[in-house]
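Structure assessment
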Amino acid sequence: MLADSENSRQIATTTAETLSSLSGVYKKFKQSLQSAAPDLAKLDFGFTLDPKGELVATGVSGDQKNRLTELLKKSPELKELATQFAQNVKAYGQADGYYWGDVGVFRLDAET
């Protein structure tokens, strides 16, 4: 059990580091929009990975979503870190599955 706990802690640490890097790259991406697409830079949006592993803009629709998605796809670093983060979260769920956080204890698995 100790090995599982240590493995979970290591995965959690790696996940946190990846999230920090991902956040930094995303902030740079949003800053780059100031000059590349000022109208899009003003929007409150996020992104996700689609089932094929491609970045897709979220929180927007229509032409704005299409344009942001195309711009997101031009950031291989963002895609790499988002993929890495998703894999880390999945590994954490498989290694332990329980998360103790500010909202209490909950089970993390493929169903939840």
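Residues numbered from 1 in each chain as written. Predicted model: local features only at pLDDT ≥ 70, side-chain atom pairs only at ≥ 80, totals over all residues. Heavy atoms only, no water.

1. Here we look at the overall build of the protein chain
If you tally the helices and strands in the protein chain, you get 4 helices and 4 strands. The linear arrangement of helices and strands in the protein chain, starting from the amino end, is α-α-β-β-α-α-β-β. Counting across all 112 residues of the protein chain, residues that qualify as buried make up 27%. In the protein chain, the share of contacts with a sequence separation of at least 24, taken over all contacts with a separation of at least 6, comes to 46%. (Helix = DSSP H or I, 4+ residues; strand = E, 2+ residues; numbered from the N terminus. Buried < 20%, exposed > 50% of the residue type's maximum accessible area, 1.4 Å probe, protein only. Contact = heavy atoms within 4.5 Å.)

2. As for the side chain of T15
Relative to the helices and strands, T15 is located in helix α1 (residues 2-36). Excluding its chain neighbours within four sequence positions, the residues that come into contact with T15 are F85, N88 and V89.

3. Focus: the pairing of strand β1 (residues 46-49)
In the sheet, β1 pairs with strand β2 (residues 55-58) via 4 bridges, with the strands oriented antiparallel. Residue pairing in the sheet places F47 in a bridge with A57 of β2. With antiparallel pairing between neighbouring strands as the criterion, β1 and β2 make up a hairpin whose turn holds 5 residues, including G53 at a positive phi of roughly 85 degrees. (Pairing = 2+ DSSP bridges.)

4. Things to note about the packing of aromatic side chains
The final tally for this structure, using the stated rule, is 3 aromatic pairs. Their ring planes at 55 degrees and their centres at 5.2 Å tell us that Y26 and F47 sit as a pair that is tilted. Separated by 21 residues along the polypeptide, Y26 in helix α1 and F47 in strand β1 bring together distant segments of the chain. Judged by relative accessible area, which is 16%, Y26 ranks as buried. Relative to F45, the ring of F29 has its centre 6.5 Å away and its plane inclined at 80 degrees; by these criteria the two rings are edge-to-face. Pair noted here: F29 is in helix α1 and F45 is in the loop between α2 (38-41) and β1, with a separation of 16 residues, a long-range link. (Phe/Tyr/Trp six-rings, centres within 6.5 Å; stacked < 30°, edge-to-face > 60°.)

5. Some words on helix α3 (residues 62-72)
Taken together, the buried positions of α3 are occupied by L68, T69 and L72. Viewed end-on, α3 has its buried residues packed into an arc of 105 degrees, placing them on one side of the element. (Arc of directions from axis to C-beta.)

These figures capture arrangement, not role.
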